[in-house]
Amino acid sequence: MAARRLIPLLDRVLIDKVQAVSKTAGGVLLPESVTQKVNEGIVVAVGPGRRNKDGDLLPTNVKEGDKVLLPEYGGSQIKLGDKELYLYRDEELLGVLKD
Amino acid sequence: MAARRLIPLLDRVLIDKVQAVSKTAGGVLLPESVTQKVNEGIVVAVGPGRRNKDGDLLPTNVKEGDKVLLPEYGGSQIKLGDKELYLYRDEELLGVLKD
Amino acid sequence: MAARRLIPLLDRVLIDKVQAVSKTAGGVLLPESVTQKVNEGIVVAVGPGRRNKDGDLLPTNVKEGDKVLLPEYGGSQIKLGDKELYLYRDEELLGVLKD
Amino acid sequence: MAARRLIPLLDRVLIDKVQAVSKTAGGVLLPESVTQKVNEGIVVAVGPGRRNKDGDLLPTNVKEGDKVLLPEYGGSQIKLGDKELYLYRDEELLGVLKD
Amino acid sequence: MAARRLIPLLDRVLIDKVQAVSKTAGGVLLPESVTQKVNEGIVVAVGPGRRNKDGDLLPTNVKEGDKVLLPEYGGSQIKLGDKELYLYRDEELLGVLKD
Amino acid sequence: MAARRLIPLLDRVLIDKVQAVSKTAGGVLLPESVTQKVNEGIVVAVGPGRRNKDGDLLPTNVKEGDKVLLPEYGGSQIKLGDKELYLYRDEELLGVLKD
Amino acid sequence: MAARRLIPLLDRVLIDKVQAVSKTAGGVLLPESVTQKVNEGIVVAVGPGRRNKDGDLLPTNVKEGDKVLLPEYGGSQIKLGDKELYLYRDEELLGVLKD
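Residues numbered from 1 in each chain as written. Chains lettered and ligands numbered in written order. Predicted model: local features only at pLDDT ≥ 70, side-chain atom pairs only at ≥ 80, totals over all residues. Heavy atoms only, no water.

(A) Structural detail: the overall build of chain A. Looking only at helices and strands, chain A has one helix and nine strands in total. Going residue by residue from the N terminus, the α and β elements of chain A occur as β-β-α-β-β-β-β-β-β-β. Residue burial in chain A is summarised as follows: out of 99 residues, 41% are buried. Contacts spanning at least 24 positions in sequence make up 64% of the contacts within chain A whose residues lie at least 6 apart. Surface summary for chain A: the accessible area is close to 5,500 Å², and the carbon and sulfur share equals 52%. (Helix = DSSP H or I, 4+ residues; strand = E, 2+ residues; numbered from the N terminus. Buried < 20%, exposed > 50% of the residue type's maximum accessible area, 1.4 Å probe, protein only. Contact = heavy atoms within 4.5 Å. Areas by Shrake-Rupley, 256 points an atom, 1.4 Å probe, with all protein chains shown as cover.)

See below:
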């Protein structure tokens with residue numbers, strides 16, 4: 001089942017959530033309640049986009065490999081093989097993170 | 001009654017739900033509560049699609065035979081002969097599964 | 001009063017509900033609670049359709065004589081002479097049944 | 001006050017409700033609770049219609065003198081002289097009755 | 001303060017409510033609870049109208065001096081000098097009364 | 001901080017509320033509960049307006065210096081230096097007052 | 001993690017809230033409950049804007065460096081490195097402040 005792949009429909013975006021390593025400046029690991037209010041994720045796959053009223057395809061605003069900031073609520077959990085992934089609508093994603 | 005056929009109207013999609021066989025890496029079968037949060041199904045029939053404001057027909061995003069990922073909620077159960085099938089609106093379907 | 005006729009307005013569809021005869025493969029009649037979750041009906045009359053924003057008439061997706069699958073909820077009961085009929089909006093109808 | 005007249009605005013329709021005489025096939029009059037679920041009425045006056053987004057006037061779907069089927073809920077009661085009449089939006093009317 | 005004037009904005013209509021004299025055919029005055037379900041008013045001033053999506057101005061459907069039928073609910077009371085007047089959106093007005 | 005200025009965004013309008021002096025014909029000052037149901041204000045600044053679907057700018061319906069009638073509810077209080085001002089959307093304003 | 005940057009998606013605006021120094025005319029610092037009803041912030045980054053129905057990009061109404069007035073409610077808190085920033089939709093911002 002490892003080789004199964006999900007191609008999202010419309011403007012859905014498949015996300016692999018990233019557990020942000022949270023350390024204080026001094027290197028102490030912070031407990032989860034302090035750090036996990038907003039999540040990050042990697043875009044695994046994107047749908048073809050949504051069509052506007054004229055029938056033109058509006059592609060998603062993110063692409064495979066983007067590291068994105070996720071909203072506090074929303075997204076539906078799905079299971080593909082052993083992985084737990086998440087589906088969001090493209091317009092729910094808050095921003096793209098650059099290092 | 002076996003030969004009866006349903007042709008969905010508008011952008012409705014007729015789905016035959018697939019009970020995903022769930023095994024851990026070691027081959028142990030998992031109880032239903034762990035594995036069944038999201039369902040899969042095979043597209044049995046699709047409607048002609050919905051018309052946009054200009055009157056153009058927008059065909060459905062899935063086609064007969066597609067294996068699709070279904071949302072946790074939604075879909076209405078119908079009975080055709082001995083089979084229990086489900087109707088979804090095309091835009092409720094989350095994605096297409098490829099092996 | 002037998003000769004009275006109702007011409008539906010807009011995209012309304014007049015339906016005569018059909019009590020589906022429900023038998024198991026072995027011919028046993030099933031009690032109502034098992035079989036009657038979704039109803040079927042025959043289209044008795046259709047309205048001229050709804051106009052889109054440009055003023056063009058969009059005809060209904062079903063026509064007189066079609067056997068249709070009805071949603072579990074919705075539809076308003078009306079009485080014409082001795083008959084009990086039902087009015088649905090065209091887009092509430094789920095699909096067309098073919099034998 | 002008998003001569004006062006109401007000219008409905010927009011797509012409003014002025015209705016004079018008709019108390020349908022309800023008899024069984026054998027001529028017995030039925031009590032009100034059995035027969036009065038849906039009402040009938042005669043169109044007394046119609047508004048000029050509603051304008052679409054381009055500013056074109058969309059006339060009402062019924063005309064003065066039509067006998068119409070009324071929805072179970074909706075409509076606002078008004079008093080003109082001694083008469084009790086009802087105002088509906090054109091699209092609330094269910095159908096036109098022909099004898 | 002008597003000379004102050006209100007020019008309504010958009011499609012708002014300024015109304016001076018009229019207490020309809022209510023008499024039975026025989027001339028008996030009816031108590032208020034029987035007669036006052038729907039109100040009448042005189043149009044004192046109208047706004048320039050609302051713009052549609054193309055930016056064209058859609059003038060109000062009533063004009064100064066019209067006697068109009070008011071809905072049972074809605075309208076906001078304002079005080080101009082000694083007078084109590086009411087503001088309605090143009091599309092809330094039910095109809096124009098002619099004697 | 002006295003020199004700070006707020007330029008409203010979109011169709012927002014900055015209002016300086018006016019405490020209407022309320023006297024009866026005989027010159028008696030009325031208590032606040034009787035007189036303050038609707039407020040008046042002076043337009044201090046207006047935003048550039050909102051864009052319609054074609055991208056054209058629709059300017060606000062009021063201009064700096066206009067004396068306007070404010071709705072009973074709505075508007076958000078802001079503090080600029082020592083002054084308490086109010087922001088409304090242009091379409092919330094009821095009318096323009098002329099002496 | 002100090003060098004990480006967030007590029008907002010669509011019409012989102014990244015804001016660094018400013019704690020307004022609040023002094024009375026005489027120079028006394030006011031307690032927080034009196035002064036903090038409305039917040040101010042500096043625009044750190046803006047998204048490319050939202051597309052209208054024709055697919056044209058509508059840029060945000062504010063730009064990097066603008067000092068803006070924030071609504072009392074709304075905005076979602078995010079953490080970038082050591083900083084606490086806030087994301088708003090462009091149309092939630094009330095106005096631009098000029099000294």
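And the narrative resumes.
(B) Inspection of the interface of chain D and chain E at higher detail. Tallying the contact residues gives 18 residues for chain D and 21 residues for chain E. Viewed at the interface, chain E and chain D are joined by three salt bridges. Scanning the region where chain D abuts chain E turns up six residue pairs in polar contact (both at pLDDT 80 or more). Looking at the side of chain D that touches chain E, the elements with two or more residues in it are strand 1 (5-8) and strand 7 (76-80) of chain D. Class assignment of the residues belonging to the side of chain D that touches chain E gives a composition of ten nonpolar, one polar and seven charged. Of the strand pairs in this sheet, strand 1 of chain D and strand 9 (residues 95-98) of chain E are connected by four bridges, and their pairing is antiparallel. The partner of L6(D) across the bridge, within strand 9 of chain E, is L97(E). (Salt bridge = Lys/Arg side-chain N within 4 Å of Asp/Glu carboxyl O. Polar contact = N/O pair within 3.5 Å; in protein donor to acceptor, adjacent residues only side chain to side chain. Nonpolar A, V, L, I, M, F, W, Y, C, P; charged D, E, K, R; others polar. Pairing = 2+ DSSP bridges.)

(C) Region of interest: the sheet that holds strand 7 (residues 76-80) of chain G. Pairing is antiparallel across the open sheet formed by seven strands, whose spatial order is 1(F)-9(G)-6(G)-3(G)-2(G)-8(G)-7(G). Looking at the sheet topology across the chains shown, the edges are occupied by strand 1 (5-8) of chain F together with strand 7 of chain G. When strand polarity is set aside, the average angle formed by the axes of neighbouring strands in this sheet is 45°. Of the strand pairs in this sheet, strand 3 (residues 39-46) of chain G and strand 6 (residues 67-70) of chain G are connected by four bridges, and their pairing is antiparallel. Pairing of I42(G) across the sheet is with K67(G), part of strand 6 of chain G. (Axes fitted to C-alpha atoms, helices over the stretch in contact; angles between N-to-C directions.)

(D) Quick peek at the relation of the copies chain D and chain E. Superposing chain D onto chain E takes a rotation of 51° combined with a translation of 0.0 Å along the rotation axis, leaving an RMSD of 0.0 Å. Taken together, the interface assignments show that only 11% of the residues at the interface of chain D recur at the interface of chain E, consistent with different surfaces on the two copies. (Least-squares fit on C-alpha atoms with pLDDT ≥ 70 in both.)

(E) Representation of the relation of the copies chain A and chain G within the structure. Of the two same-sequence chains, chain A is brought onto chain G (RMSD 0.0 Å, axial shift 0.0 Å) by a rotation of 51°. A share of only 10% of interface residues in chain A that are also interface residues in chain G marks the association as one of differing surfaces.

(F) Spatial organisation of the interface of chain A and chain G. At the junction of the two partners, chain A supplies 20 residues and chain G supplies 17 residues. Summing both sides of the interface, chain A and chain G together bury roughly 1,700 Å²; the carbon and sulfur share of this comes to 54%. For chain A, the biggest contributors to the area lost against chain G are E91(A), L94(A) and K98(A); these three give 29% of the whole. Where chain A packs against chain G, one counts three salt bridges. On the surface where chain A and chain G come into contact, there are six residue pairs in polar contact (both at pLDDT 80 or more). Put simply, the parts of the chain that give the side of chain A that touches chain G at least two residues each are strand 6 (67-70) and strand 9 (95-98) of chain A. Here the side of chain A that touches chain G takes four residues from strand 9 of chain A, the largest share from any one element. Classifying every residue of the side of chain A that touches chain G by side-chain character gives eight nonpolar, three polar and nine charged. (Buried area = accessible area lost by both parts, 1.4 Å probe.)

(G) Representation of the pattern of salt bridges in the model. Applying the stated criterion across every chain, the model contains 49 salt bridges over all chains. Across the pair D11(A) and R89(A) runs a salt bridge whose closest N-O atoms are separated by 2.8 Å. With D11(A) in the loop between strand 1 (5-8) and strand 2 (12-18) and R89(A) in strand 8 (residues 83-89), the pair connects residues that are 78 residues apart, well separated along the chain. For D11(A), a relative accessible area of 10% gives the class buried. Residue classification places R89(A) among the partly exposed positions, given a relative accessible area of 24%. Of the charged contacts in the structure, one is a salt bridge between D11(D) and R50(D), with a shortest N-O distance of 3.5 Å. Residue D11(D) is located in the loop between strand 1 and strand 2 (12-18), and its partner R50(D) is located in strand 4 (residues 50-51); the two are separated by 39 residues in the primary sequence. For R50(D), a relative accessible area of 32% translates into the label partly exposed. If you follow the salt bridges from partner to partner, you end up with D11(A), R50(A), R89(A) and E91(B) in one network.

(H) The arrangement of unusual backbone geometry in detail. The phi dihedral of L10(E) falls on the positive side, at around 55°, and the residue is not glycine. We classify L10(E) as buried; its relative accessible area is 10%.

(I) Local environment of the packing of aromatic side chains. Counting across every chain of the model gives zero aromatic pairs over all chains. The ring of Y86(B) has K17(B) lying over it, and the distance from NZ or CZ to the ring centre is 4.1 Å. (Phe/Tyr/Trp six-rings, centres within 6.5 Å; stacked < 30°, edge-to-face > 60°. Lys NZ or Arg CZ within 6 Å of the ring centre and 35° of its normal.)

(J) Quick look at the side chain of N52(C). Structurally, the position occupied by N52(C) is in the loop between strand 4 (50-51) and strand 5 (57-58). Not counting residues within four places of it along the chain, the set of residues in contact with N52(C) comprises K53(B), D54(B) and L58(C).

(K) Representation of the pairing of strand 9 (residues 95-98) of chain B within the structure. With two bridges connecting them, strand 6 (residues 67-70) of chain B and strand 9 of chain B associate as antiparallel partners. Residue V68(B) lies in a different strand from strand 9 of chain B, and its bridge partner there is V96(B).

(L) Structural detail: the sheet that holds strand 6 (residues 67-70) of chain C. Across the sheet, seven strands lie side by side as 1(B)-9(C)-6(C)-3(C)-2(C)-8(C)-7(C); this open sheet has antiparallel pairing. Both outer strands of the open sheet, strand 1 (5-8) of chain B together with strand 7 (76-80) of chain C, are each paired with one neighbouring strand and no more. The sheet shows a mean angle of 45° between the axes of neighbouring strands, direction not considered. Note that strand 7 of chain C and strand 8 (residues 83-89) of chain C share five bridges and pair antiparallel. Across the sheet, the residue bridging to K79(C) is E84(C), located in strand 8 of chain C.

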